[in-house]
Amino acid sequence: MNLKIVVYSKSACPQCDTAKRLLESRGLPFEVIQIDDEAERLAFYERCGPSVRQMPQIFINDQRVGGVAGLQAALAQLAQAAR
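A few points on the structure. Worth saying up front: this structure is predicted, and the values here are computed from it rather than measured.

Considering the packing of aromatic side chains
Inference 1: Summed over all chains, the structure comprises 4 aromatic pairs.
Inference 2: Linked through ring pairs, Y8, F44, Y45 and F59 together constitute an aromatic cluster.

As for the state of the cysteines
Two cysteines whose sulfur atoms are joined by a covalent bond form what is called a disulfide.
Inference 1: Within this structure, the stated rule accounts for 1 disulfide.
Inference 2: Between C13 and C16 runs a disulfide, and the two sulfur atoms are separated by 2.4 Å. Measuring handedness by torsion sign, the sulfur bridge of C13 and C16 sits at about 75 degrees and is right-handed.
Inference 3: Among the residues examined, C13 registers a relative accessible area of 2% and is labelled buried.

What counts and how
Residues numbered from 1 in each chain as written. Predicted model: local features only at pLDDT ≥ 70, side-chain atom pairs only at ≥ 80, totals over all residues. Heavy atoms only, no water. Phe/Tyr/Trp six-rings, centres within 6.5 Å; stacked < 30°, edge-to-face > 60°. Disulfide = S-S within 2.5 Å. Buried < 20%, exposed > 50% of the residue type's maximum accessible area, 1.4 Å probe, protein only.

The following block contains the structure:
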């Protein structure tokens, strides 16, 4: 299965580090887009929707799955579908 995974992250973010370690532990390639500028981050949140106010934000095949919990759920669902 070929997945395009993008992690929108910021510096000094424990949840961002957790998401990246999870993907690395699964051997899944991913792209990291660092958004450290607050104005850029707020604009990014606006594009994602009114409920988005934290990092990381993870997209799989251009669909937002959310943060770490969303990533875990999406990976579990993908594993189930692969069976």
